[in-house]
Amino acid sequence: MGTDSAPLVLTEKVGEYITVITINRPERRNAVDGATARAMEAAIDSFEEDSESRVAILRGAGSAFSAGQDLKAAAVGDFGATERRGGFGVSKVRPTKPLIAAVEGHALAGGFELCLACDLVVASTDTTMGIPEAAKALVALGGGLFRLPKRIPYHIAMELALTGEARPAEYFARWGLVNYVVPREEVFATAVELAGKIVKSGPLAVQASTEIVRRAFDWTDEDAWKQQHVYADPAINSEDTQEGIRAFIEKREPVWKGR
């Protein structure tokens, strides 16, 4: 791992339905340069195109989740972004299926913004998180400044943005940004368990629900009544909906077909 010949991003499956995507630059604390961002975009594309895969877990190799932008690479004009999916190859255009961040180690600056690109977060008890850019006379441009105040109260987000102070994962759990805080050795297993709960739900309903919740911040109530149907109707009119109803009546586990 971490050699020039090793893949910058690894992918594997846990069972039939869960994809694991790992940033594989432990020697650079999983910082993202242009090549890594392109590899991430390719991994996200593959996850999106895999009809069997219903949820992905994003993690980092080694002792850190991600240090965000590779500053050495950025200094020579090699930025960790792609034209289509944006920062880190995922932040601007996310997959339509849910992403779980499994944070084993620190998630600061771009690493924290990578967490904010995910839908659920499992972090270790020794994880610290934050956007320290302002303290270094920088501005966080990876989504942190506009996503953070949508996830936690305005004044808390503003304090973190302006002071640049890092806080433990438990602090963010208290504000609802982190779903679970567990010992480091339990982070991945907890993320897999959470993913397992998701795959028990109807896959089309999960996709529709993911998209609606993500967009809820940007819709007025009047718009939301109309716009939610763009994502919900394909799921509601699917074979899976009928299967869910039959399974409930017959008191058995449903068998989803994803159509």
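This text goes with the structure placed above it.
Throughout what follows, the structure given in this document is the object of discussion. Computed from a predicted structure; not experimentally measured.

1. Topic: the overall build of the protein chain
Each helix and strand in the protein chain was counted, giving ten helices and eleven strands. For 259 residues, the compact-globule estimate of 2.2 N^0.38 gives 18 Å, and the protein chain sits close to it at 19 Å. Across its three principal axes, the protein chain shows a C-alpha extent of roughly 60 × 45 × 35 Å. For the protein chain, the proportion of its 259 residues judged to be buried stands at 47%. Considering only contacts within the protein chain whose residues lie at least 6 apart along the sequence, 64% involve residues at least 24 apart. Accessible surface, the protein chain as shown: approximately 13100 Å² in total, 57% of it carbon and sulfur.

2. Here we look at the sheet that holds strand S6 (residues 99-103)
Spatial strand order, S1-S2-S3-S6-S8-S11: six strands in an open sheet with mixed pairing. Lying at the two open borders of the sheet, with one neighbouring strand each, are strand S1 (9-14) and strand S11 (180-182). Going from strand to strand, the sheet's axes swing by 20 degrees on average, the running direction of each strand aside. Across four bridges, S6 lies against strand S8 (residues 120-124) in parallel orientation. Paired with Val103 across the two strands is Ala123, which belongs to S8. Sitting on the sheet, helix H1 (residues 34-49) touches S1, strand S2 (18-23), strand S3 (55-60) and S6, and the angle it makes with S2 is about 180 degrees.

3. Some points on the pairing of S2
Two faces belong to every sheet, and in a regular strand the side chains alternate between them. In terms of burial, S2 is a largely internal element, six of the six residues being buried. Burial of S2 is two-sided: the residues Ile18, Val20 and Thr22 facing one way and the residues Thr19, Ile21 and Ile23 facing the other way are all buried. Pairing analysis gives six bridges linking S1 to S2, with the strands arranged antiparallel. Each residue of the ladder has a partner; that of Thr11, found in S2, is Ile21.

4. Some words on the pattern of salt bridges
A side chain with one charge can pair with a side chain of the opposite charge if their charged atoms come near. Taken as a whole and judged by the stated rule, the model has 19 salt bridges. Its salt-bridge partner being Arg167, residue Glu165 comes within 2.7 Å of it at the nearest N-O pair. For Glu165, a relative accessible area of 40% translates into the label partly exposed. When salt bridges with common partners are traced through the structure, they connect Arg25, Arg28, Asp33 and Asp70 into a single cluster.

5. A closer look at H1
Look at H1: 23 Å from first C-alpha to last across 16 residues, which is about the 22 Å you get at 1.5 Å a residue. Within H1, the full set of buried residues consists of Gly34, Thr36, Ala37, Met40, Glu41, Ala43, Ile44, Asp45 and Phe47.

6. A word on the packing of helix H8 (residues 203-215) against helix H9 (residues 221-236)
Packing of H8 against H9 leaves a shortest axis separation of 8 Å and a crossing angle of 175 degrees. Judged by the inter-axis angle, H8 sits roughly antiparallel to H9. On the side of H8, the interface is formed by Leu204, Ala205, Ala208, Glu211, Ile212 and Arg215, while H9 contributes Gln228, Tyr231, Ala232, Pro234 and Ala235. Broken down by class, the residue content of the contact of H8 with H9 amounts to eight nonpolar, one polar and two charged.

Calculation rules
Residues numbered from 1 in each chain as written. Predicted model: local features only at pLDDT ≥ 70, side-chain atom pairs only at ≥ 80, totals over all residues. Heavy atoms only, no water. Helix = DSSP H or I, 4+ residues; strand = E, 2+ residues; numbered from the N terminus. Rg over C-alpha atoms; globule rule 2.2 N^0.38 Å. Buried < 20%, exposed > 50% of the residue type's maximum accessible area, 1.4 Å probe, protein only. Contact = heavy atoms within 4.5 Å. Areas by Shrake-Rupley, 256 points an atom, 1.4 Å probe, with all protein chains shown as cover. Pairing = 2+ DSSP bridges. Axes fitted to C-alpha atoms, helices over the stretch in contact; angles between N-to-C directions. Salt bridge = Lys/Arg side-chain N within 4 Å of Asp/Glu carboxyl O. Expected span 1.5 Å × (residues − 1). Parallel < 35°, antiparallel > 145°, perpendicular 65-115°, else oblique. Nonpolar A, V, L, I, M, F, W, Y, C, P; charged D, E, K, R; others polar.

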